[in-house]
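For reference, the chains in residue letters:
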Amino acid sequence: MKYFLLVIATLLLSSCAAHRQVNEDLRFPSVPEHWQVNETGLNVDDNWLSQYGQPQLSRLVEEALGNNQNLRQSAYNVEISQQQLLQSDADLLPTLDLDLSTERNKRTEPGTISNSSAISLDANYEIDIWGKLSDAQKQANLNFLTSKAQYQQLRLELVAEVVKGWFNLVAANQLSALFKSRVNNASENLAIIESSYQQGTKTALDVYLSRNELNSEVSNLAAQQANVIEASRILERLLGRYPGAEFTPDQSELPILDTQIPTGIPSEIITRKPELLASWYQVLALDAALAFTHKQRFPSITMRASISDSQNELSDLLSGSSLGWSLLGSITAPLFRAGELKANEEIAGLQLKQQEQSYLDTLYSAFSEVENALTNSDSLTTQYQSTLAAQENAKAAETLAFEQYQRGLVTYTTVLEAQGRSFDAQSALIQIKNQLLANRVDIHTALGANFDNGNYGSRERLINE
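If you're wondering where the values come from, they're calculated on a predicted model, not measured in any experiment.

J.: Tell me about the overall build of the protein chain, and name the residues and values.
T.: A count of helical and extended segments in the protein chain gives 11 helices and four strands. Each of the 465 residues in the protein chain was classed as buried or not, and the buried ones make up 41%. Long-range contacts, defined here as pairs at least 24 residues apart, represent 83% of the contacts in the protein chain between residues at least 6 apart.

As structure tokens, this is what we get:
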């Protein structure tokens, strides 16, 4: 008996020693105390959507959270993981099965008919002596946490895409309005030049150049109108709608936000960004899977109990006259599997190492996203200021060039060049304003900042709908 206990104790120690514990230093590697291009250290803002002050945008975000098909798929995935967790919890408890059968037979002798009925109540319970079932339950719980974090990350990314899609549509409409003004301006110029040509003050070359300019602007307007329709469809799909290109924003200008974005410190992103939490949960889940796979090589101890009775008549069951019971304990151990179990353990260990590297890659990619977004913010701010000044100068030059052309001081080619510079500056300004807004959203998303303070409901509410 003592040798048996010694063997059991040795197996327990070996099974526990083989359970690899993930090093916490992996989760919190050495990182700078502040971002390379931002040293504010202010707490990350968890209500950044309200900064835009766009009521229609807020309504669209709420609609997307309720109707977007990809987000709903992720919500169902959370529910599936939750049910799988319940399955793993059930494995730690005994099972109880009831079997009731009745049979009627006719024998070879004429007129001989017999009846038989049986009932049995069977209980099975696997003793989790090695902690194998607990490891499986731990893995299921971590998979559930992973799916919840992935859902939260997708939720944040969806809101970011809706906000950027909204401003893309506003910018596309602004550019379309600019192209329309260009068409009107070219049409007016053509009318003036054709009138002057008929009076003999302008040449045929000027008429051809102005007609070519009008045709080019009409073509550009048609292309931009197609861009507006495409931007509308992209936004409608994010909202879970049919892409009918029927959406129209209730504003015509892009806002300018010059408030500073609180970025916190690099180490905070590790515990607040759902993407990183999901990746870390996957590391822990594979660690539990490695422990489970290792313990598959050890014996399974199962207890079985049964109560049964059999009678000729169904009504006589459980009368007590033939009630029987049994109690059985069994040990099942793998003896020869041709290296299959060892290979499974090696695979589990390699998958764990692979996920550890995936986590580190995700972590440093997250840092890179923040640093790049902050760098772009500074660059875009400088570009905006320069382009704003260039627009004012180009518009003044356009007006002056046409006035001088009418007085015969410059050629029409000079007018076209001035108009092109003015148009390019105005288009660039709209695009840079849109890029500033999109980059601001990218910063919040990269930091893992939540877009609200619960005004749009929690992920649990959506999952339970």
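J.: Can you break down unusual backbone geometry residue by residue, with the values?
T.: Unlike most non-glycine residues, alanine 245 shows phi in positive territory, near 55°. Among the secondary structure elements, alanine 245 is positioned in the loop between helix 6 (204–238) and helix 7 (268–272).

J.: I'd like to hear about the packing of aromatic side chains, residue by residue, with values.
T.: One pass over the full model with this rule turns up eight aromatic pairs. Note on tryptophan 130 and phenylalanine 298: the rings are 5.4 Å apart at their centroids and 40° apart in plane angle, and the pair reads as tilted. Of this pair, tryptophan 130 sits in the loop between strand 2 (113–127) and helix 5 (132–198) while phenylalanine 298 sits in the loop between helix 8 (274–295) and strand 3 (300–311); the two residues are 168 residues apart in sequence, bridging distant segments of the chain. Considered together, tryptophan 130 and phenylalanine 298 belong to a single accessibility category, that of buried residues.

J.: Tell me what's going on with the layout of surface pockets, and back it up with residues and numbers.
T.: Considered as a void within the structure, the largest pocket measures approximately 410 Å³ in volume. Taken together, 20 residues line the largest pocket, and the ones lying closest to its centre are Leu257, Thr259, Ser377, Thr381 and Arg440. Breaking the lining of the largest pocket down by element, the ones donating at least two residues are helix 9 (340–406) and helix 10 (412–447). The element best represented in the lining of the largest pocket is helix 9, accounting for six residues. Taken together, the residues of the lining of the largest pocket break down into 10 nonpolar, seven polar and three charged.

J.: Explain helix 8 residue by residue, including any values.
T.: With 22 residues, helix 8 should reach 32 Å at 1.5 Å per residue; the first-to-last C-alpha distance of 32 Å fits that figure. For helix 8, the tally of buried residues reaches 16 of 22 residues, placing the bulk of the element in the interior.

J.: Mind laying out the environment of threonine 146, listing which residues take part and the relevant values?
T.: With respect to the helices and strands, threonine 146 occurs in helix 5. Ignoring any residue separated from it by four or fewer positions in sequence, one finds threonine 146 in contact with Ala278, Tyr281 and Gln282.

J.: Break down the packing of helix 4 (residues 69–90) against helix 5 for me, citing the residues and quoting the values.
T.: A packed helix pair is summarised by two numbers, namely the angle formed by the two axes and the spacing between the axes. Their axes nearest at 8 Å, the elements helix 4 and helix 5 cross at an angle of 170°. Comparing their axes, helix 5 and helix 4 come out roughly antiparallel. Seen from above, helix 4 lies across helix 5 with left-handed handedness.

J.: Break down the packing of helix 5 against helix 8 for me, citing the residues and quoting the values.
T.: Packing of helix 5 against helix 8 leaves a shortest axis separation of 8 Å and a crossing angle of 165°. Here helix 5 lies roughly antiparallel to helix 8, going by the angle between them. The way helix 5 lies across helix 8 gives a crossing that is left-handed. When the residues that make up the contact of helix 5 with helix 8 are grouped by side-chain class, the tally is 15 nonpolar, seven polar and five charged.

Rules of the game
- Numbering of residues begins from 1 in every chain and follows the order in which that chain's sequence is written.
- Only residues with pLDDT of at least 70 get local features here, since the model is predicted, and only at 80 or more are side-chain atom pairs given and counted; chain-wide, interface and lining totals rely on the full set of residues.
- The basis for the side-chain values is all heavy atoms of the structure; hydrogens and waters are excluded.
- For helices the rule is a DSSP run of H or I covering at least 4 residues; for strands it is a run of E covering at least 2, with both sets numbered from the N terminus onward.
- Three exposure classes are used, based on accessible area relative to the maximum for each residue type with a 1.4 Å probe and protein chains only: buried under 20%, partly exposed in between, and exposed over 50%.
- Here, residues are in contact when the closest pair of their heavy atoms is within 4.5 Å.
- Pairing of aromatic side chains requires ring centres within 6.5 Å, counting the rings of Phe and Tyr and the six-membered ring of Trp. Pairs whose planes differ by under 30 degrees are stacked, by over 60 edge-to-face, and all others tilted.
- Only protein atoms enter the 1 Å grid used here. Points where a 1.4 Å probe fits but cannot escape make up a cavity, open sets with protein on both sides within 12 Å along at least five of seven lines make up a pocket, and a residue lines them when an atom lies within 4 Å of a point.
- Grid points are joined across faces, edges and corners, and a volume is the space filled by probe spheres set on the points.
- By the convention adopted, Pro, Cys, Tyr, Trp, Phe, Met, Ile, Leu, Val and Ala count as nonpolar, Lys, Arg, Asp and Glu as charged, and the other residues, Gly among them, as polar.
- Between the first and last residue of a helix there are one fewer steps than residues, each counted as 1.5 Å, and that sum is the expected span.
- Between N-to-C directions, angles span 0 to 180 degrees; the directions come from axes that are lines fitted to C-alpha atoms, helices contributing only their stretch in contact.
- When describing relative orientation, an angle under 35 degrees is termed roughly parallel and one over 145 degrees roughly antiparallel, while 65 to 115 degrees is termed roughly perpendicular and anything else oblique.
- A crossing counts as left-handed when the near helix is turned anticlockwise from the far one by less than a right angle, and as right-handed when that turn is clockwise.

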